[in-house]
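Listed below, chain by chain, are the residues.
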Amino acid sequence: MKREEIKEKWRGKSEDIISGMLEWRIQHPKATFREIEAEVDQRLSELRVRMIADAALSSASAEWGVDGKAEVCPNCGAELVGKGKKKRKMQTRGGQEVELEREYGECPKCGQGIFPPG
Ligand SMILES: [Zn+2]
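As for the coordination of the zinc ion
Part 1: Here the zinc ion is held by the protein donor atoms C73 (SG), C76 (SG), C107 (SG) and C110 (SG), which lie 2.3 to 2.4 Å from it.
Part 2: Of note is the zinc ion, whose 4 donor atoms meet at the metal with angles of 100 to 127 degrees in an arrangement that counts as tetrahedral.
Part 3: Site description for the zinc ion: donor spacing in sequence, C-x2-C-x30-C-x2-C.

Describing the pairing of strand β2 (residues 97–106)
Part 1: Here strand β1 (residues 81–91) runs beside β2; their pairing, made up of 9 bridges, is antiparallel. When the bridges of β2 are listed, K89 appears paired with E99.
Part 2: Connecting β1 to the next strand, β2, in antiparallel fashion are 5 residues, including G95 with a positive phi near 85 degrees.
Part 3: In this sheet, strand β3 (residues 113–114) lies alongside β2 in antiparallel orientation, the contact comprising 2 bridges.

Points about the packing of aromatic side chains
Part 1: This structure, assessed with the given rule, holds 0 aromatic pairs.
Part 2: Here K86 stacks its cationic end above the ring of Y104, 4.1 Å away from the centre of that ring.

Concerning the sheet that holds β2
As a general point, the strands of a sheet are linked pairwise by backbone hydrogen bonds and lie either parallel or antiparallel.
Part 1: With respect to topology, 3 strands assemble into an open sheet ordered β1-β2-β3, the strand pairing being antiparallel. Looking at strand neighbours, the two that pair on one side only are β1 and β3, the edges of this open sheet.

Some thoughts on the confidence of the model for the chain
Where the model shows low pLDDT, its predicted coordinates should not be examined in detail.
Part 1: Per-residue confidence for the chain averages 85 on the pLDDT scale, and 86% of its residues sit at or above 70.
Part 2: Looking across the chain, the model is least confident in β3, with a mean pLDDT of 80, and most confident in helix α1 (residues 3–27), with 95.

Concerning the environment of R48
Part 1: Within the secondary structure, R48 sits in helix α2 (residues 33–58).
Part 2: Considering only alpha carbons, one finds R48 and G94, 46 residues apart in sequence, at a separation of 9.6 Å.
Part 3: Among residues more than four places away in sequence, those in contact with R48 are T92, R93, G94 and Q96.

Points about α1
Part 1: Compared with the 36 Å implied by 1.5 Å per residue over 25 residues, the 36 Å span of α1 between its first and last C-alpha is a close match.
Part 2: When we look at burial in α1, the residues that qualify are I6, I17, G20, M21 and W24.
Part 3: Contact partners of the buried residues in α1: α2.

Observations concerning the packing of α1 against α2
Part 1: Interaxial distance between α1 and α2 falls to 11 Å at its minimum, and their mutual angle equals 175 degrees. Considering their axes alone, α1 and α2 lie roughly antiparallel with respect to each other.
Part 2: Here the residues of the contact of α1 with α2 are counted per class, giving 11 nonpolar, 3 polar and 9 charged.

Reading guide: rules and limits
Residues numbered from 1 in each chain as written. Predicted model: local features only at pLDDT ≥ 70, side-chain atom pairs only at ≥ 80, totals over all residues. Heavy atoms only, no water. Donors = N, O, S within 2.8 Å, 3.2 Å for Na, K, Ca; no water. Tetrahedral: all angles 85-135°; square planar, octahedral: opposite > 155°, others 65-115°. Pairing = 2+ DSSP bridges. Helix = DSSP H or I, 4+ residues; strand = E, 2+ residues; numbered from the N terminus. Phe/Tyr/Trp six-rings, centres within 6.5 Å; stacked < 30°, edge-to-face > 60°. Lys NZ or Arg CZ within 6 Å of the ring centre and 35° of its normal. pLDDT = per-residue confidence, 0-100. Contact = heavy atoms within 4.5 Å. Expected span 1.5 Å × (residues − 1). Buried < 20%, exposed > 50% of the residue type's maximum accessible area, 1.4 Å probe, protein only. Axes fitted to C-alpha atoms, helices over the stretch in contact; angles between N-to-C directions. Parallel < 35°, antiparallel > 145°, perpendicular 65-115°, else oblique. Nonpolar A, V, L, I, M, F, W, Y, C, P; charged D, E, K, R; others polar.

Written as structure tokens, this is what we have:
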């Protein structure tokens with residue numbers, strides 16, 4: 001995904017959150033401070049997860065060998081063999097699960113499987 005596309009996506013999501021929150025407040029005029037806080041947190045956490053996933057996948061290293069440089073095994077230094085895309089589940093600090101689909105490589109020497117750095 002290109003930088004401008006990501007920006008547009010995040011901006012759209014932010015605007016949805018802002019309008020959604022204002023709308024929610026109108027519909028919940030008697031909400032307590034805690035309820036408002038929970039609602040804001042819930043909405044922002046969706047944006048947070050989206051941003052983490054997009055930012056993680058937008059780095060050049062999220063794609064295998066795009067810069068023409070071979071990835072090497074951190075164990076033995078042998079050139080890794082690309083094994084196609086694999087899904088990798090990551091946990092955010094908030095405990096939400098983010099699924100990233102990234103290129104995956106394997107070391108022909110020691111057999112270690114590795115996702116590119118990032
Ligand atoms: Zn190795």
